[in-house]
Amino acid sequence: MIDILSPMDVFDSIAEFERTGKRANVSILDPWYNKGLGGTRDDYLSFIEEILIRLCRFSDHVYLWGFPEIVATFLPFIPKTHKLECWLTWYYKNNPSVIRGWRSSQQACLHLRTEDAAMYPQHFLNEVQLEKLREGKLRYMPGPASVLEAALNIGFVGRSEQTGHPAQKPESIYKSLILMATVEGNLVFDPMCGSGTTGAVCKRLGRVAVLGDMNPEYIEITRARLAKVYPDSTSVDDRFDFAIGQ
Ligand SMILES: C[S@@+](CC[C@H](N)C(=O)[O-])C[C@H]1O[C@@H](n2cnc3c(N)ncnc32)[C@H](O)[C@@H]1O
């Protein structure tokens with residue numbers, strides 16, 4: 001089930017979520033980056049810090065996105081309830097060059113989690129490794145790489161996913177985040193959902209998602225996109241039934 005909220009500010013959707021009294025297994029925060037798209041704001045750090053504090057109160061896992069030089073400044077603001085599990089990098093090499101300098105080819109994503117938040121590296125095993133796991137012969141659990149590689153959806157690349165949102169992430173990147181931190185039926189909250197990538201991945205994988213964005217145009221894009229997304233017939237969790245709840 002995917003719940004798309006009417007257009008509203010991030011603090012209002014957080015308040016809506018809080019009123020349900022539920023915990024989110026995962027919250028994803030992918031704000032404008034304080035450079036280029038979305039403009040800049042002087043209070044960016046305290047703005048993100050406030051959102052982070054609120055999200056951490058009800059989320060087992062939080063993924064926080066941005067360019068590395070900006071994300072680095074958030075590190076001192078991680079609430080004590082959560083630890084930095086991993087600094088993830090999304091690497092893409094197909095960004096057109098628009099400046100005379102370093103051409104952007106990565107974004108960072110901080111994976112924060114509480115001490116007892118479940119992780120599911122077994123969701124990334126191949127058939128051979130799974131068989132070994134079943135037989136008790138897997139000597140160690142090989143986690144996925146912390147550098148996620150996927151091309152930017154631009155031009156002819158990722159045509160079928162493209163919605164026209166200017167900062168849309170590839171579904172394959174969000175799929176890794178969701179698979180690492182959830183099982184079927186778990187709850188994911190994204191209060192700055194943009195084009196609804198979180199919702200598309202959650203719908204395919206059978207997760208529940210609550211999505212918000214302040215821009216009515218992007219909420220419409222999200223609605224139209226999700227209407228055309230169908231649950232995977234063999235979601236990864238169907239294959240890995242035995243792993244659920246471990
Ligand atoms: C980087 S984009 C998210 C892209 C998204 N992850 C995707 O794959 O499509 C950031 C989004 O945050 C939204 N946003 C910015 N400020 C907001 C605020 N104060 N409250 C709610 N949404 C906001 C913007 O409208 C924009 O769609």
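Model, not experiment: these values are computed from the prediction.

A.B. asks: What's the story with helix H4 (residues 127–134) in this structure? I'm lost.
C.D. replies: Since there are 3.6 residues in each turn of an α-helix, residues three or four apart along the chain are aligned in direction. The N-cap residue of H4 is Asn126: its side-chain oxygen and the backbone nitrogen of Val128 are 3.2 Å apart. One or two residues past the end of H4 sits Gly136, with phi positive at roughly 75°.

A.B. asks: It is not clear to me how the environment of Val210 should be interpreted in this structure. Could you clarify?
C.D. replies: The topology assignment puts Val210 in strand S8 (residues 208–211). Separated by 209 residues in the primary sequence, Val210 and Met1 place their C-alpha atoms 8.7 Å from one another. Once residues within four sequence positions are removed from consideration, Val210 is found in contact with Asp3, Leu5, Phe17, Leu187, Val188, Phe189 and Asp190.

A.B. asks: Explain the pairing of strand S3 (residues 59–66) to me, please; I cannot follow it from the model alone.
C.D. replies: Side-chain positions along a regular strand alternate between the two faces of the sheet. The element S3 is largely enclosed, with a buried count of eight among its eight residues. As paired strands, strand S2 (residues 24–29) and S3 are joined by five bridges and run parallel to one another. When the sheet's bridge partners are listed, Leu29 is paired in S3 with Leu64. Note that the unit made of S2, helix H2 (residues 44–58) and S3 has a crossover that is right-handed. Bridge count between S3 and strand S5 (residues 106–113): six bridges; the pairing is antiparallel.

A.B. asks: What should I look at first to understand the side chain of His61 in this one?
C.D. replies: Residue placement: His61 occurs in strand S3. At a separation of 2.9 Å, a polar atom in the side chain of His61 contacts the side chain of His111. Among all residues touching His61, those that are not within four sequence positions of it are Asn25, Val26, Ser27, His111, Leu112, Arg113, Ala117, Ala118, Met119 and Ala181.

A.B. asks: It is not clear to me how the sheet that holds strand S1 (residues 2–4) should be interpreted in this structure. Could you clarify?
C.D. replies: Picture the strands of a sheet paired through backbone hydrogen bonds; they go either parallel or antiparallel. As summarised here, the arrangement of the eight strands in space is S1-S8-S7-S2-S3-S5-S4-S6, forming an open sheet in which the pairing is mixed. Two strands close off the open sheet at either side, each with one partner strand: S1 and strand S6 (147–149). Shown here is a sheet whose adjacent strand axes are inclined to one another by a mean of 20°, direction ignored. Bridge analysis of strand S7 (residues 187–190) against S8 gives four bridges, and the strand direction is parallel. Paired with Val188 across the bridge in S8 is Ala209. Running over the sheet, helix H1 (residues 10–20) touches S2, S7 and S8 and is turned about 155° from S7.

A.B. asks: What's the story with the pattern of salt bridges in this structure? I'm lost.
C.D. replies: Where charged atoms from two side chains of opposite charge come close, those side chains can pair. Within this structure, the stated rule accounts for 14 salt bridges. With its nearest N and O atoms 2.7 Å apart, the salt bridge here joins Glu69 to Lys35. Here Glu69 is found in helix H3 (residues 68–71), whereas its partner Lys35 is found in the loop between S2 and H2, with 34 residues between them in sequence. Look at the salt bridges and you will find they share partners, linking Lys83, Glu85 and Arg113 into a network.

A.B. asks: How do you make sense of the state of the cysteines when you look at a structure like this?
C.D. replies: Note on terminology: a disulfide is the covalent bond linking the sulfur atoms of two cysteines. With the rule as written, the count across this model stands at zero disulfides. In this structure Cys193 is a free cysteine whose sulfur lies 11 Å from that of Cys202, the closest cysteine sulfur available. Note on Cys193: relative accessible area 6%, which makes it buried.

A.B. asks: I keep staring at the packing of H1 against H2 and nothing clicks. Help me out?
C.D. replies: For any two helices packed against each other, the geometry comes down to the angle between their axes and how far apart the axes lie. It is at 11 Å that the axes of H1 and H2 come closest, and there the two elements cross at 10°. The angle between H1 and H2 places the two elements in the roughly parallel class. On H2, the residues that touch Val10, Phe11, Ile14, Ala15, Phe17 and Glu18 of H1 are Phe47, Glu50, Ile51, Arg54, Leu55 and Phe58.

Parameters at a glance
Residues numbered from 1 in each chain as written. Predicted model: local features only at pLDDT ≥ 70, side-chain atom pairs only at ≥ 80, totals over all residues. Heavy atoms only, no water. Polar contact = N/O pair within 3.5 Å; in protein donor to acceptor, adjacent residues only side chain to side chain. Helix = DSSP H or I, 4+ residues; strand = E, 2+ residues; numbered from the N terminus. Contact = heavy atoms within 4.5 Å. Buried < 20%, exposed > 50% of the residue type's maximum accessible area, 1.4 Å probe, protein only. Pairing = 2+ DSSP bridges. Right-handed = clockwise from strand over helix to strand, strands pointing away. Axes fitted to C-alpha atoms, helices over the stretch in contact; angles between N-to-C directions. Salt bridge = Lys/Arg side-chain N within 4 Å of Asp/Glu carboxyl O. Disulfide = S-S within 2.5 Å. Parallel < 35°, antiparallel > 145°, perpendicular 65-115°, else oblique.

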